[in-house]
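Descriptive analysis of the structure
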2 protein chains.
Amino acid sequence: MGDAIVDVIASCDDAFLTRHNLPKGSMQLLTPAEADTLYSAMGVAREMSGGSAANSMAGVAAMGGSAAFIGQVAEDQLGMIFEHDMRALGVRFDTPPLVEGPPTGRCLILVTPDGQRTMNTCPGASHELSADKLDRELIASASILFLEGYLFGPEKPRAAMMEAIKVAHAANRRVAFTLSESVCIAGRKESFGRMIDSGGVDLLFCNEDEALQLTGRADLKNALVELSIKVPTLVVTKGAEGAVAIENGERIAIPAAPVGEVIDTTGAGDLFAAGFLTARSKGASLERCLWTGAIAAAEVIGHYGARPIADLKALVKL
Amino acid sequence: MGDAIVDVIASCDDAFLTRHNLPKGSMQLLTPAEADTLYSAMGVAREMSGGSAANSMAGVAAMGGSAAFIGQVAEDQLGMIFEHDMRALGVRFDTPPLVEGPPTGRCLILVTPDGQRTMNTCPGASHELSADKLDRELIASASILFLEGYLFGPEKPRAAMMEAIKVAHAANRRVAFTLSESVCIAGRKESFGRMIDSGGVDLLFCNEDEALQLTGRADLKNALVELSIKVPTLVVTKGAEGAVAIENGERIAIPAAPVGEVIDTTGAGDLFAAGFLTARSKGASLERCLWTGAIAAAEVIGHYGARPIADLKALVKL
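Residues numbered from 1 in each chain as written. Chains lettered and ligands numbered in written order. Predicted model: local features only at pLDDT ≥ 70, side-chain atom pairs only at ≥ 80, totals over all residues.

**Here we look at unusual backbone geometry**
Residue and element names in this part refer to chain A. The cut-off we apply is this: Between the buried cut of 20 or more and the exposed cut of 12 or fewer other C-beta atoms within 10 Å of a residue's own C-beta lies the partly exposed class, and all C-beta atoms are placed from the backbone. To qualify as a helix, a DSSP run of H or I must reach at least 4 residues; to qualify as a strand, a run of E must reach at least 2; elements of each kind are numbered from the N terminus.
With a phi angle near 55°, Asn21 is a residue other than glycine that sits in the positive phi range. Looking at Asn21, the number of C-beta atoms within 10 Å reads 7, which means it is exposed. Phi at Asn248 takes a positive value of approximately 50°, unusual for a residue other than glycine. Within the fold, Asn248 resides in the loop between β12 (243–247) and β13 (250–254). Its 8 C-beta neighbours within 10 Å are what place Asn248 among the exposed residues.

**Overview of the sheet that holds strand β10 (residues 203–207) of chain A**
All names here are of chain A. Spelled out, the test is: For two strands to be treated as a pair, DSSP must find at least two bridges joining them. Think of each axis as a best-fit line through the C-alpha atoms, taken over the contacting stretch in the case of a helix, with angles from 0 to 180 degrees between the N-to-C directions.
Strand order in the open sheet formed by six strands is β8-β9-β10-β11-β12-β13, and the pairing between neighbours is mixed. Of all strands in the sheet, those with a lone pairing partner are β8 (144–148) and β13, marking the two edges. Going across the sheet, the axis of each strand differs from the next one's by a mean of 15°, ignoring polarity. Bridge count between strand β9 (residues 174–178) and β10: three bridges; the pairing is parallel. Following the sheet pairing, Ala176 is matched in β10 by Leu203.

**Some details on helix α11 (residues 286–300) of chain B**
Residue and element names in this part refer to chain B. The test is simple: Expected span of a helix, by definition, is 1.5 Å for each gap between consecutive residues, and there is one gap fewer than residues.
Given a rise of 1.5 Å per residue, 15 residues ought to cover 21 Å, and the 22 Å separating the end C-alpha atoms of α11 matches this to within 8%. Of all 15 residues that make up α11, twelve are buried, and the element is covered over most of its length. Those residues of α11 not exposed but buried are Cys289, Leu290, Trp291, Thr292, Gly293, Ala294, Ile295, Ala296, Ala297, Ala298, Glu299 and Val300.

**Digging into the relation of the copies chain A and chain B**
This is how it is decided: Superposition of the copies used a least-squares fit over C-alpha atoms from residues whose pLDDT is at least 70 in both. For every residue pair, C-beta atoms are placed from the backbone, and the pair is scored as a contact if these atoms sit within 7 Å.
Expressed as a screw operation, the relation of chain A to chain B combines 0.0 Å of axial shift with a rotation of 180°, fitting to an RMSD of 0.0 Å. Here the two chains are linked by the operation of a two-fold rotation axis. Closest to the rotation axis within chain A is the C-alpha of Glu47(A), separated from it by 2.4 Å. Take the interface residues of chain A: 100% of them recur as interface residues in chain B, which is what a same-surface contact looks like.

Encoded structure:
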């Protein structure tokens with residue numbers, strides 16, 4: 001469950017980010033007017049379907065897993081593109097489009113020569129997703145409900161997420177959540193903390209920075225200890241330094257999978273989660289789950305766009 | 001002046017083309033219903049602005065030339081994408097969008113593992129371009145008016161093209177025309193032949209197949225002799241075998257520029273024309289014009305999409 005968004009990907013230099021006050025590697029929400037201004041200033045772009053959890057589901061399907069996506073587009077051309085790409089991947093996607101209201105969301109992604117991506121999201125219809133759009137049978141049937149932090153920000157989809165968690169847990173299913181930096185800002189952090197404390201999350205994905213922000217601690221080790229007490233499975237991605245998982249007192253660390261040239265880091269975390277979840281749903285060991293995530297992440301940063309191009313199923317050999 | 005279209009690019013295998021009765025390497029026009037059916041069957045796609053002459057103008061701008069584009073999008077999301085990409089390249093594009101009528105055109109491009117592209121165009125607003133949308137001052141100010149054969153098919157834009165030629169010649173400017181296979185079908189071939197006979201075209205780009213079809217001859221040599229008598233400058237592209245130009249009795253042939261792996265041949269002819277026209281507008285020799293075209297074409301077939309990615313200006317060193 002996550003943002004239903006089309007990525008608009010363009011290259012830029014570091015000076016462009018500075019000129020537009022965009023912290024490199026960050027994600028910010030833009031108003032439609034702000035998005036139009038930034039788009040006008042951006043270079044030639046290519047459009048590809050995106051969205052963090054949607055990218056993950058694309059990855060799950062590419063690795064031979066069974067995936068569905070819940071998220072909301074509008075009835076417009078970008079929405080049709082998003083729908084097409086989900087279904088073409090074999091991802092079930094039945095959330096009805098928003099008929100009246102803002103257009104399908106888009107994310108203006110600026111890729112600098114070092115491969116880092118800076119994301120500028122105009123969420124549109126995506127953030128109007130409400131609980132009545134949930135397919136409860138679908139959620140109850142899935143072994144894992146996977147939730148994306150970006151969609152936890154705005155009130156309406158946050159309420160829908162809380163409802164989805166109830167449905168999943170009532171059906172005795174597991175709930176996985178990927179922190180996104182926007183979860184960690186004021187207001188959201190507190191409601192997210194309460195959800196974790198109440199046992200809402202069985203498996204938490206985050207990076208080191210998000211772990212620090214969420215716990216409010218200055219020391220990473222302490223932050224991870226705190227989080228690992230609250231969630232049964234904690235998975236922390238560390239970029240080029242690999243990843244670590246803490247589960248039932250067990251702690252496993254792996255290095256990053258080898259990459260050729262880093263072209264565009266968009267989707268690295270999404271594909272890591274995809275690999276981990278696919279392996280887990282097939283009953284693989286914790287270490288194998290980490291490795292599968294690392295291999296999927298390595299594939300996606302070797303090219304433009306946040307969805308796999310290579311034959312991931314063959315690469316991960318699950 | 002040409003089609004204003006967004007490309008929807010997906011990979012497929014040869015069996016997919018056979019199943020859908022699509023001759024490899026061809027271009028066909030689809031009704032909206034046919035396009036929807038094919039799109040549903042296609043795999044995951046990426047969207048990039050396209051259109052034959054529009055790709056050429058993108059190339060001219062990338063090589064440091066001064067370019068403008070005349071073509072018609074609709075007032076919708078794909079139209080906004082097309083406009084953005086033209087302007088982001090530095091191509092002047094002021095044709096007002098169509099307010100009521102069909103949506104912005106799209107071209108479903110299927111790329112097979114051998115790098116060949118099969119194009120399926122749903123032209124939409126693009127083929128509703130009428131003569132009253134022409135910017136006559138712009139046409140009169142340009143040293144070369146470049147026309148795309150695909151847009152010569154439908155009646156309304158064909159009339160607009162004939163009008164544009166009049167404006168250009170009245171201002172003592174040159175007219176270049178690129179044959180597209182669709183020019184060569186019944187009805188269009190005759191009106192195009194009349195235009196050539198009346199001195200409407202100063203510079204004609206075509207490939208060998210188009211030369212045979214247009215002249216109705218079985219022998220290539222005779223076809224080129226016939227065409228070279230009718231147009232002051234004839235430029236024939238021959239794929240991997242290079243290109244040849246015939247002008248004022250002079251005949252110059254060059255081999256193709258070296259390419260690494262052929263990824264996607266979409267835009268090869270468009271970028272060849274771009275290189276030739278840019279060099280010509282800067283007063284380069286006929287041989288230099290051919291080489292510039294060959295270098296630009298070689299760049300574009302090394303990656304997905306019909307517009308240059310590398311620094312063409314540096315590559316062609318004009």
